Every structure is written in C-alpha cells, then in structure tokens.
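What follows is each chain in one-letter form.
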Amino acid sequence: MIGLRSDSSSSLLQSLTIQDFRCLEGLSWSPGPGQHVLVGSNGVGKTSVLEAVYFLATTKSFRTASLADCLRWRQREFWVRGQLVGERGAELLASWKTGGTARQLNGKSATFGEYLGRVSALSWSAKDDRLIDGDPASRRRLLDQGVFAKKPLEVGLLTRYRRVLTAKRRLLSKAGNAAVDSLESWNELLAEAGHALVRLRAEHVAELGAAFDQVLRESGIEARPVEFRYRPNPEKGVESVESFRRELALAGERELAQKRALVGPHLDRLEIRWGGADIARSASAGERKLFGLVLTAARRRVLLAAGREPILLLDDLDAALDQDRLESVWRLFESAPQVLMTSADPGTGGRIRGVSRWHMHGSGIEPL
Amino acid sequence: MANDPFSRLVAELSRLPGIGPKTATRLAQHVAKAERSGAEALAAAIVEVKDKLRPCSTCYSLTEVDPCSICSDPERDHSLICVVEQPFNIQPLERTGEYRGLYHVLMGVLSPQHGVGPEQLKIAALMDRLEGVKEVILATNPDVEGEATALYLGRLLKARTIPVSRLAFGMPVGGDIEYTDEVTLARSLVGRRNV
Ligand SMILES: [Zn+2]
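Note that the coordinates shown come from a computational prediction; the quantities given were computed from them, not determined experimentally.

### Focus: the overall build of chain A
Secondary structure assignment for chain A yields 10 helices and 15 strands. Taking 21 Å as the expected radius of gyration for a compact globule of 368 residues, we find that chain A reaches 22 Å, a close match to that expectation. Residue burial in chain A is summarised as follows: out of 368 residues, 46% are buried.

What follows is the structure, encoded as structure tokens:
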C-alpha cells in the first residue's frame, strides 16, 4: 500500500459548476469522493475540467500563468463553484475578471489564507516534464507551490519578499547617492523576508526528498536514485537573518555597479540529480514521466503529513503506458481519497480497477 | 454619462476613497432629500476644509492656526514625537487618549516604485526638531513601505543618539493605522518597543 490513508481533516469535492471557463460554457458535475476518470474525445474540454477544479482549489491555473487565457471567448468573467464534503465542508466560489480573482467561502468573501485553508489540489500533466529541463524559475515555482500548499497562511511572506525586491530593484536602477542612502533599509527587510523564505524552502526540499525515496521504495518501481539539492541564495542565508544580512553587505558594491539585485532567494536553485547526473541531460522520456509521477505522489505525501490531503488531478495519465506500467504507476495514487483523471482512451476506466468512469461530450458529463 | 445635477453629485462622491457607485448613489439620495440647510452646511464644510486648513509649519498636520493646537499646547509633552505617514493618521492615535506628546507628519513613505525617496519626505524638518527630544515613536504603517521608512528613520535618529521606538503592532501585517481600532492602537502605543 502506497501512501497513508488520509485522515478526516481533508476536504473533498462533492460537486462543482463551471461557468465560461475556456470552452466550457456552463457545466455541472457531481463526482463525489473516490476515483474518477473522465473519458471523451480530444478537444471536448476534459483537461479544462481538471484545470477548473484546480482553479477552484488554488485560484490559479496549472496550464497558464495568465488567467485571462481561461476566459471563454467574448465573456467578461468566469467562475467555478464547488461543494466540499468532509470535516471542513463548505461552499467555495472562485471567479476571475479583468482586475483580479475573487474568492468566496460559504457566500462571504474570504481572505486568501482562509480560502486556501479549506482545500488543496495537486495536478500532474505531461507538461510537468518541463520542470526536469531545469529552468530555475519553474523549479522555484514548484518549490513555492509545495511550501504554500502546505502552509497557506504564510503566503503573505512571498508577497512581502517580492514587494521588497521590486522596491530594491527600482532603487538600484536609479542608483544615485540618495538611493544608496535608503538602500540599507530595504536590504534589512530583504534579509528578514529572504531568510524566512529560504528556511521554508529548505525544509520543504528535505521533506520532499524523504517522501520521494519512501514512495519509490514502497512502490517497488525500479529507478535510479534521485537526489534533490537545494541551493539557497545566499547559501548562508538559511542560518540566520544576521548571516543573510552579511552576505547582502558583501555584495553591496557589485549590486550598485551592476544595478541588479544579486543576492536573495529570487536566485535560488533546485538541483535534481538522477543516478548522480543532472536529470535534464540523463533521463529518457519514459524516465521523465515516471519521475514526474513519483514526484507528484511525493508531493501528495508531504501535503498529507501536513493534514492537507489534496484532490489529485491527473491529466492523461495512461497516455503511452502499457498495462503493466499503468498498473504499477496507479499504485502510486490508489490510496488517495479523491482522484480526478482524464483519458482519451475509452478503455482506460476498465484498465484501472475500482475507478468510476464518466463520459464527457459537448453537452455534459454522464456516468459510463 | 448623464450630466444632470444628481449624476454629477454621484460622480463626485464615487471619486472618494472607499465609496463605490452604490454607496455614492445612496449618499446622493440622502443629500437630495435633506433640508436645504443641511446640504449648505455640508457644502460649506467641504469648501472650508480646502480654504482654511493648511499644513502646520512645525509638524505638517492640517490646521487652521499655525502652529497647530497640538504643537502650541504647553500641557503636552514636548520631549516626545510620534512620526506618522499622513495627517489623518493623527486622529486615531489621539482618540486612544494614551498619547500626550507631539506629532510629525512625513507626508508619505519611502517608495521607490512611486519615486519617493528620503528627500521627498519631511525628514529634514524632523531632524531640525530634535533639540530636547527624549524619544521618537515611529508609527508608520506595518506594510513594506512603512517598515522600510521606520528602519531608515531609526538609523538616522540613532546616529543622533535619540532613543527610538516602534509601535508594537498586534494587528495583522498590512493593517493600516487608519483602520485599526482604538483598543488595539492604545495597546500598540503602550507596548511600543525600543529599536
Ligand atoms: Zn503642529
């Protein structure tokens, strides 16, 4: 058995309504807890349903950084409403229009922290491979997603760090003597927020690495060992605010000369090594997919340990997997209390035991 | 947009901070229904604020007489200065009844994004007021800009060996003095910590 059975603190999705999201004009679906696969032809909007669930749970998309992409043609606003069941059951409503996202909890507008505290979601799609290609920014995003999915109330820290960094960059770009004069104050705030951020990230990478090993061991999947190495910037910034401050001071002159912020977690790196070598160069396509799936199972385990069992969203899990491979991969997720999957293969429900099959077509979703 | 008097009033009211079109309409309806004398008093009060209030030449609060009633009050503790961002930050602190010193309004906060550096704020004027001052309380807001400003002033003041303290904000980060209740503010004044 992979993973721990979830405790009762998790919230699962009973039903949802999607309005003007991508190609979905108006769609209701009541999957309820358990494991579900959504089958239908390409372009019918299966992935958009998963994306809408992800938006409901996180107010973000796993496909785009710009939510404007999710707006149905010629509409002004999209929204997703969901009924949660479980100990923290509630009605959630997330909407977007130009100008921003709005969140409601049981009919009242809610802070980011209150809202995210109710539910959590974790997605996997083949596109997650990009992570492996080593773009440092996407890896930092992955890190922060993990950190703040676990601790939604601390998300203000990231906002704070970004605001200080923006101010500092603006100051450096002008860099007169007057700028230098107040730079120290911004650096002080940068050190405080930066230290807190690298601490959270370091802690998360350690948990993720341990969970990854555990998942791999329990699954019996044969794979080369994987190592996650977190390289905070500055390296010593993890120790204390004081050492973070010292590193900033050391870089002070270079920063002024180059007019750039050269120290801080906006430059952190996450190295992923696969059998001792950089994963971007050494893994085959099949290994990459496997890595991404094990990583997803590991991320779920970390969330679960924090009492934040996620709704798992797996897009096209079965693509390019033969029956044996699919069965061993499914073992990574079968203990999750709620899994929503898509598949272009009408047979897939049958290929995975115990999964409810749904047919999605132009006018809605029906049980198969 | 319609240009009748009622719509013009609604338009003007909705330009005020925190007033949406709905509230503006309700306020305008109230004014339209009110006695003429009430409307005149409101209009006169608005014009008077612009005509008669000007910054105090010492502390930069808005006042009818210069120096303002706080700066010229001999009963107040002139060895204590509380530094705030804006003139309207003074009222909430006064309402707590906990503070008997003077104020200094910076007329803003450090904000590189908005091109505000130390020279755009009333910092030099504060430095000119330090003779005989035993403590400066930094009461800028607990957001990023307010904190940076407090840190900056803290360093300047310590270089002049003036004891500096910061309001002990029990309020959530990002909370404004303006929107913080009196009890919380009073507590943050009493519990202010040295920096
Ligand atoms: Zn005055």
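Once the structure has been displayed, the description carries forward.
### Let's talk about the interface of chain A and chain B
Tallying the contact residues gives 15 residues for chain A and 12 residues for chain B. Those elements that place two or more of their residues in the side of chain A that touches chain B are α4 (155-174) and α5 (177-219) of chain A. For the side of chain A that touches chain B, the element with the most residues is α4(A), which contributes eight residues. In terms of residue class, the side of chain A that touches chain B is built from six nonpolar, four polar and five charged.

### Things to note about the domain arrangement of chain B
Here chain B is partitioned into domain 1 (5-52) and domain 2 (62-194). Distance between the C-alpha centres of domain 1 of chain B and domain 2 of chain B: 32 Å.

### A short note on the packing of helix α3 (residues 136-150) of chain A against helix α8 (residues 285-305) of chain A
Residue and element names in this part refer to chain A. Taken N-terminus to C-terminus, the directions of α3 and α8 make an angle of 25°; their axes are 9 Å apart at the nearest point. With respect to their mutual orientation, α3 and α8 come out roughly parallel. Both α3 and α8 take part in a crossing whose hand is right-handed. Facing G146, A149 and K150 of α3, the residues of α8 in contact are R299, V302 and L303. In the contact of α3 with α8, the residues fall into three nonpolar, one polar and two charged.

### A closer look at the confidence of the model for chain B
All names here are of chain B. Summarising the model, chain B shows a mean pLDDT of 90, and 93% of its residues fall at 70 or more. Taking the mean pLDDT of every element in chain B, the minimum, 79, falls on helix α7 (residues 182-190) and the maximum, 98, on strand β4 (residues 101-105). Across the predicted assembly, pTM comes out at 0.83 and ipTM at 0.78.

### Regarding the sheet that holds strand β7 (residues 193-194) of chain B
A sheet is described by the order of its strands in space; here five strands give the open sequence β4-β3-β5-β6-β7 (chain B), paired in mixed fashion. Pairing within the sheet leaves two strands with one partner each, and these edge strands are β4 and β7 of chain B.

### Quick word on the sheet that holds strand β4 (residues 77-85) of chain A
All names here are of chain A. The antiparallel open sheet is built from six strands, whose spatial order is β2-β1-β4-β5-β6-β7. Since the sheet does not close on itself, it has two edges, and those belong to β2 (24-29) and β7 (108-109), each with one partner. Strand direction decides the pairing type here: strand β1 (residues 12-21) and β4, joined by seven bridges, are antiparallel. The partner of Q19 across the bridge, within β4, is W79. Across the sheet, helix α1 (residues 46-58) is in contact with β1, β2, β4 and β5 (90-97); its angle to β1 comes to roughly 110°.

### Quick look at unusual backbone geometry
The omega torsion across A:N233 and A:P234 is -5°, close enough to zero to call that bond cis. By the element assignment, A:P234 lies in the loop between β9 (226-231) and α6 (241-258). The omega torsion of the bond from B:D66 to B:P67 falls at -5°, within 30 degrees of zero and hence cis. Even without a glycine there, the phi angle at B:M107 is positive, about 65°. A positive phi angle is found at B:T161, which is not glycine, with a value near 55°. With respect to the helices and strands, B:T161 occurs in the loop between α6 (144-159) and β6 (164-166).

### Topic: the nonpolar core
In this structure, A:V53, A:V294, A:L313 and B:V83 are the most contacted members of the largest nonpolar core, which totals 134 residues. Ranked by the residues each element gives to this core, the list is headed by α5(A), at 15 residues.

### Structural notes on the environment of A:E207
All names here are of chain A. Mapped onto the secondary structure, E207 falls in helix α5. Judged by the 21 C-beta atoms lying within 10 Å of it, E207 is buried. Residues E207 and R76, spaced 131 residues apart in sequence, show a C-alpha to C-alpha distance of 42 Å.

### A word on the pairing of strand β13 (residues 338-343) of chain A
All names here are of chain A. Most of β13 sits out of view: six of its six residues are buried. Residues Q338, L340 and T342 of β13 are buried on one face, and the alternating residues V339, M341 and S343, pointing to the opposite face, are buried as well. Both strand β3 (residues 34-39) and β13 contribute to a ladder of six bridges, which runs parallel. In the strand pairing of β13, L38 is matched with T342. As paired strands, strand β12 (residues 311-314) and β13 are joined by three bridges and run parallel to one another. Bridged to L313 within β13 is L340. Note that the unit made of β12, helix α9 (residues 323-330) and β13 has a crossover that is right-handed.

### Considering the environment of A:R140
Residue and element names in this part refer to chain A. For R140, the location among the structural elements is in helix α3. Look at R140 and you get partly exposed, because 17 C-beta atoms sit within 10 Å. In contact with R140, not counting residues within four places along its chain, are D268 and L270.

### Examining the confidence of the model for chain A
Residues with a pLDDT of 70 or more make up 95% of chain A, whose mean pLDDT is 89. For chain A, helix α10 (residues 348-351) of chain A is the element with the lowest average pLDDT, namely 66, and β4(A) is the one with the highest, namely 97.

### A closer look at the packing of helix α1 (residues 5-13) of chain B against helix α2 (residues 21-33) of chain B
All names here are of chain B. Where α1 contacts α2, the two axes come as close as 8 Å, and the packing angle between them is 130°. Between α1 and α2, the angle is such that the two are oblique. Crossing handedness for the pair α1 and α2: right-handed. Here F6, L9, V10 and L13 of α1 come into contact with α2, specifically with A24, T25, L27, A28, V31 and A32. Counted by class, the contact of α1 with α2 contains nine nonpolar, one polar and no charged residues.

### Notes on the pairing of β1(A)
All names here are of chain A. Bridge analysis of β1 against β2 gives five bridges, and the strand direction is antiparallel. Bridge assignment links I18 to a residue of β2, and that residue is L27. The turn joining β1 and β2, which pair antiparallel and follow one another in sequence, is formed by two residues; a positive phi near 50° is taken by R22.

Conventions we followed
Residues numbered from 1 in each chain as written. Chains lettered and ligands numbered in written order. Predicted model: local features only at pLDDT ≥ 70, side-chain atom pairs only at ≥ 80, totals over all residues. Helix = DSSP H or I, 4+ residues; strand = E, 2+ residues; numbered from the N terminus. Rg over C-alpha atoms; globule rule 2.2 N^0.38 Å. Buried ≥ 20, exposed ≤ 12 C-beta atoms within 10 Å, placed from the backbone. Contact = placed C-beta atoms within 7 Å. Nonpolar A, V, L, I, M, F, W, Y, C, P; charged D, E, K, R; others polar. Domains from an automatic or database assignment. Axes fitted to C-alpha atoms, helices over the stretch in contact; angles between N-to-C directions. Parallel < 35°, antiparallel > 145°, perpendicular 65-115°, else oblique. Left-handed = near helix turned anticlockwise from the far one by under 90°. pLDDT = per-residue confidence, 0-100. Pairing = 2+ DSSP bridges. Core = buried A, V, L, I, M, F, W, Y, C linked by C-beta atoms within 7 Å. Right-handed = clockwise from strand over helix to strand, strands pointing away.

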